[in-house]
Amino acid sequence: MTRLGESSMKVRELADKLELEVISGPFEKEINGVYIGDLLSNVMAKAAAGNLWITVHGHVNVVAVASLTQVAAVIVVEDFPIESAAVQKAQTNQVTILRTPLTAVDLLRKLIELGV
Amino acid sequence: MQEQTLLQSKIEQGDFTRGGEVSSSLKDVLRKLGIKSETSRRVTIVTYELEMNIIIHSLGGEIEVLISSEQIKVVATDRGPGIPDVEKAFQPGFSTADDFVRGMGFGAGMGLNNIKHYSDQLTVETGQGKKSKFTAIICL
Ligand SMILES: Nc1ncnc2c1ncn2[C@@H]1O[C@H](COP(=O)(O)OP(=O)(O)OP(=O)(O)O)[C@@H](O)[C@H]1O
Ligand SMILES: [Mg+2]
């Protein structure tokens, strides 16, 4: 569980810079801080609107939680599988999902370098 | 304004494929009504936690969301089996969730705490072998 400082980078710019795999859009949201965690209720307790949410989960509940907490995007790490139902639900609910082969820690290092 | 029902929905035990649908539809309804996004965030998180608790821990039930000029009220009722020790259930980290649901990221034992935290007022009626009823109020 980590939270970093302020930033005004948009999701699109981040996805480009870190070569993240795009699963669903939109990409115009501003990123404001980071939350890392796989326990959904902890995410609802601690993740703030506009955060990037880093997780290993790729199922439909992630889409629901991302939508309600109003995070800017979900980044699924270590190339964990993403259910097709989750992709569909993300498209309907306008929840941005990105994916990377990096571990959460390696991704976080890059985010820090970018000042996110 | 008199209290009006925004949404009412039955929820089945173990129905994970539809888990979160009530809260998702509620988010749309609140947006169309022009409710502030911070208020919507609180109301939908409370609703989602209640919805998932019915799916995971109860025999099934329903959620009704009502609005008046002052507040939004989320009422979650189920058909049992009830909570034997409510104080314990509210302790952060307490969970009876099984490995299957833990695998999806549930079972932190934080849901009831979130419901309490994001509500302005919360009442719980339950007991061993009883139906449970949660009434959460969020002021507008
Ligand atoms: N509607 C319900 N019917 C019966 N028992 C319930 C109900 N809601 C909660 N409980 C009991 O209270 C416990 C704590 O609930 P809480 O929502 O805080 O945590 P959780 O659902 O186990 O995990 P999390 O919500 O963090 O994913 C549950 O594990 C369960 O034993
Ligand atoms: Mg719960």
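Residues numbered from 1 in each chain as written. Chains lettered and ligands numbered in written order. Predicted model: local features only at pLDDT ≥ 70, side-chain atom pairs only at ≥ 80, totals over all residues. Heavy atoms only, no water.

Overview of the overall build of chain A
Here comes step 1: The number of helices and strands found in chain A is 5 helices and 5 strands.
Here comes step 2: Sequence-ordered secondary structure for chain A, helices as α and strands as β, is α-β-β-α-β-α-β-α-β-α.
Here comes step 3: Against the globule reference of 13 Å for 116 residues, chain A gives a C-alpha radius of gyration of 12 Å, in line with a compact fold.
Here comes step 4: The principal-axis extents of the C-alpha atoms in chain A amount to approximately 35 × 30 × 25 Å. (Helix = DSSP H or I, 4+ residues; strand = E, 2+ residues; numbered from the N terminus. Rg over C-alpha atoms; globule rule 2.2 N^0.38 Å.)

Description of helix α4 (residues 84–93) of chain A
Here comes step 1: Among all positions of α4 of chain A, only Ala86, Val87, Lys89 and Ala90 of chain A are buried. Buried residues of α4 of chain A, seen end-on, are gathered within an arc of 165° and therefore sit on one face of the element. In α4 of chain A, the exposed positions angled more than 90 degrees off the buried face are occupied by Ser84, Gln88 and Thr92 of chain A.
Here comes step 2: Packing partners of the buried residues in α4 of chain A comprise β1 (21–24), α3 (60–69) and β5 (97–99) of chain A together with α1 (21–32) of chain B.
Here comes step 3: Gln94 of chain A lies just past α4 of chain A and shows a positive phi near 60°. (Buried < 20%, exposed > 50% of the residue type's maximum accessible area, 1.4 Å probe, protein only. Arc of directions from axis to C-beta. Contact = heavy atoms within 4.5 Å.)

Description of the interface of chain B and chain A
Here comes step 1: Taken together, the contact pairs 23 residues of chain B with 22 residues of chain A.
Here comes step 2: One can count 0 salt bridges joining chain B with chain A.
Here comes step 3: Run the count over chain B and chain A and you get 9 residue pairs in polar contact (both at pLDDT 80 or more).
Here comes step 4: Elements that contribute at least two residues to the side of chain B that touches chain A include exactly α1, α2 (37–57) and α5 (111–118) of chain B. (Salt bridge = Lys/Arg side-chain N within 4 Å of Asp/Glu carboxyl O. Polar contact = N/O pair within 3.5 Å; in protein donor to acceptor, adjacent residues only side chain to side chain.)

Section: the sheet that holds strand β5 (residues 133–139) of chain B
Residues and elements named next belong to chain B.
Here comes step 1: In spatial order, the strands read β1-β2-β3-β5-β4; together these 5 strands make up an open sheet with antiparallel pairing. Where the open sheet ends on each side, the last strands, each with one partner, are β1 (4–11) and β4 (121–125). Recorded for the sheet is a direction-independent mean angle of 10° between the axes of neighbouring strands. (Pairing = 2+ DSSP bridges. Axes fitted to C-alpha atoms, helices over the stretch in contact; angles between N-to-C directions.)

What to know about the confidence of the model for chain B
Here comes step 1: In the predicted model, chain B carries a mean pLDDT of 97, and 99% of its residues have values of at least 70.
Here comes step 2: For this predicted complex, the interface score ipTM comes out at 0.94, alongside a pTM of 0.95. (pLDDT = per-residue confidence, 0-100.)

Observations concerning the site of ligand 1
Here comes step 1: Every one of the 18 residues lining ligand 1 counts as a neighbour, but His57, Ser95, Thr96, Gly107 and Met110 of chain B are closest to it.
Here comes step 2: Proximal residues around ligand 1 fall on chains A and B, making this an inter-chain site.
Here comes step 3: Within the side chain of Asn53 of chain B, one N or O atom sits 2.9 Å away from an oxygen atom of ligand 1.
Here comes step 4: Between ligand 1 and Met110 of chain B there is a distance of 2.8 Å, counted from an oxygen atom to a backbone nitrogen or oxygen.
Here comes step 5: Expressed as a share of its isolated accessible area of 600 Å², the protein-covered part of ligand 1 is 96%.
Here comes step 6: Elements with a contribution of two residues or more to the shell around ligand 1: α2 and α5 of chain B.
Here comes step 7: Here the shell around ligand 1 gets 3 residues from one element, more than from any other, and that element is α2 of chain B. (Near = heavy atom within 4 Å. Areas by Shrake-Rupley, 256 points an atom, 1.4 Å probe, with all protein chains shown as cover.)

As for the packing of aromatic side chains
All names here are of chain B.
Here comes step 1: In the structure shown here, the tally under the stated rule is 2 aromatic pairs over all chains.
Here comes step 2: Ring geometry for Phe16 against Phe100: centres 5.7 Å apart, planes inclined by 80°, an arrangement best described as edge-to-face. With Phe16 in the loop between β1 and α1 and Phe100 in helix α4 (residues 99–102), this residue pair connects regions lying 84 residues apart in the sequence.
Here comes step 3: The class for Phe16 is buried, based on a relative accessible area of 15%.
Here comes step 4: With centroids separated by 6.5 Å and ring planes inclined at 40°, the aromatic side chains of Phe16 and Phe106 adopt a geometry described as tilted. Of this pair, Phe16 sits in the loop between β1 and α1 while Phe106 sits in the loop between α4 and α5, and the two are 90 residues apart along the sequence. (Phe/Tyr/Trp six-rings, centres within 6.5 Å; stacked < 30°, edge-to-face > 60°.)

Quick look at the side chain of Asn114 of chain B
Here comes step 1: Inspection of the secondary structure assignment puts Asn114 of chain B in helix α5.
Here comes step 2: For Asn114 of chain B, the contacting residues outside a window of four places in its chain are Ser41, Met44 and Ala45 of chain A together with Glu49 of chain B.

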